[in-house]
Amino acid sequence: MHGDTGDGLAAIELVARDSLALVLDDVAPEDIGPDHDMVREYGLTSLNKVLFMTDVCERTGVSVANFTEQDVAAMRTLRDVVTALARNANLVGEGTPR
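Just so it is clear, the model here is predicted, and its values are computed rather than measured.

Q: If you had to explain unusual backbone geometry to someone new, which residues and values would you point to?
A: Positive phi, close to 60 degrees, is recorded for Asp 26, a residue that is not glycine. As for its position among the elements, Asp 26 is in the loop between α1 (5-23) and α2 (38-42).

Q: So, the nonpolar core: which residues are in play, and what are the values?
A: Ranked by internal contacts, the top residues of the largest apolar core, which has 27 residues, are Leu 20, Ile 32, Phe 52, Met 53, Phe 67 and Leu 85. Elements with a minimum of two residues in this core: α1, α2, α3 (46-60) and α5 (78-88). What Met 53 contacts, discounting residues up to four positions off in sequence, is Phe 67, Val 72, Met 75 and Val 81.

Q: Report on the side chain of Asn 88, specifying residues and quantitative values.
A: Along the chain, Asn 88 turns up in helix α5. For Asn 88, the side chain forms a polar contact with the main-chain oxygen of Ala 84, separated by 2.9 Å.

Q: Explain the environment of Pro 34 to me, and be specific about the residues and the numbers.
A: The residue Pro 34 is located in the loop between α1 and α2 in this model. In the structure, Pro 34 is positioned 45 residues away from Arg 79 in sequence and 5.0 Å away in space, judged by C-alpha atoms. Setting aside anything within four residues of it in sequence, one finds Pro 34 in contact with Arg 17, Thr 77, Leu 78 and Arg 79.

Q: Could you give an account of α3, naming the residues involved and the relevant values?
A: With 15 residues, α3 extends 21 Å from end C-alpha to end C-alpha; this agrees with the ideal 21 Å at 1.5 Å per step. Considered for burial, the residues of α3 that qualify are Lys 49, Phe 52, Met 53, Val 56, Cys 57 and Thr 60. Buried residues along α3 cover an arc of 125 degrees about the axis, so they all sit on one side. Exposed and facing more than 90 degrees away from the buried side of α3 are Leu 47 and Glu 58. Backbone geometry just downstream of α3 places Gly 61 in the positive-phi region, at approximately 75 degrees.

Q: Which residues make up the packing of α3 against α5, and what values do they have?
A: Where α3 meets α5, the closest approach of the two axes is 12 Å, and the angle between their N-to-C directions is 40 degrees. With respect to their mutual orientation, α3 and α5 come out oblique. α3 and α5 meet at a crossing whose hand is right-handed. Where α3 abuts α5, its residues Phe 52, Met 53, Val 56, Cys 57 and Thr 60 lie against Leu 78, Val 81 and Leu 85. Taken together, the residues of the contact of α3 with α5 break down into seven nonpolar, one polar and no charged.

Q: Lay out the environment of Val 64 in plain terms, naming residues and giving numbers.
A: One can find Val 64 in the loop between α3 and α4 (69-74). Separated by eleven residues in sequence, Val 64 and Met 53 have C-alpha atoms that sit 7.4 Å apart.

Calculation notes
- Residues numbered from 1 in each chain as written.
- Predicted model: local features only at pLDDT ≥ 70, side-chain atom pairs only at ≥ 80, totals over all residues.
- Heavy atoms only, no water.
- Helix = DSSP H or I, 4+ residues; strand = E, 2+ residues; numbered from the N terminus.
- Core = buried A, V, L, I, M, F, W, Y, C linked by side-chain atoms within 4.5 Å.
- Buried < 20%, exposed > 50% of the residue type's maximum accessible area, 1.4 Å probe, protein only.
- Contact = heavy atoms within 4.5 Å.
- Polar contact = N/O pair within 3.5 Å; in protein donor to acceptor, adjacent residues only side chain to side chain.
- Expected span 1.5 Å × (residues − 1).
- Arc of directions from axis to C-beta.
- Axes fitted to C-alpha atoms, helices over the stretch in contact; angles between N-to-C directions.
- Parallel < 35°, antiparallel > 145°, perpendicular 65-115°, else oblique.
- Left-handed = near helix turned anticlockwise from the far one by under 90°.
- Nonpolar A, V, L, I, M, F, W, Y, C, P; charged D, E, K, R; others polar.

In structure tokens:
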């Protein structure tokens, strides 16, 4: 994930969409709304959220250890997840991922 902040955020969002679509039934990555509640809109279960977060962290190189249980619980939308991942990948306010 190299490039400027916008490219990094876009790359993280694509990975997050793909990872989320893997754990959801019948939802294509491009159909996932960035501001839709993952539980209410897509029926994401707690187990699937853990699987999603583990996969997206592995694929983006962000350690899942950066997030507490409360952090993960507060991530209600895809945008929340992307923002948290970007912050921990040094994209927000830094410009370049580690």
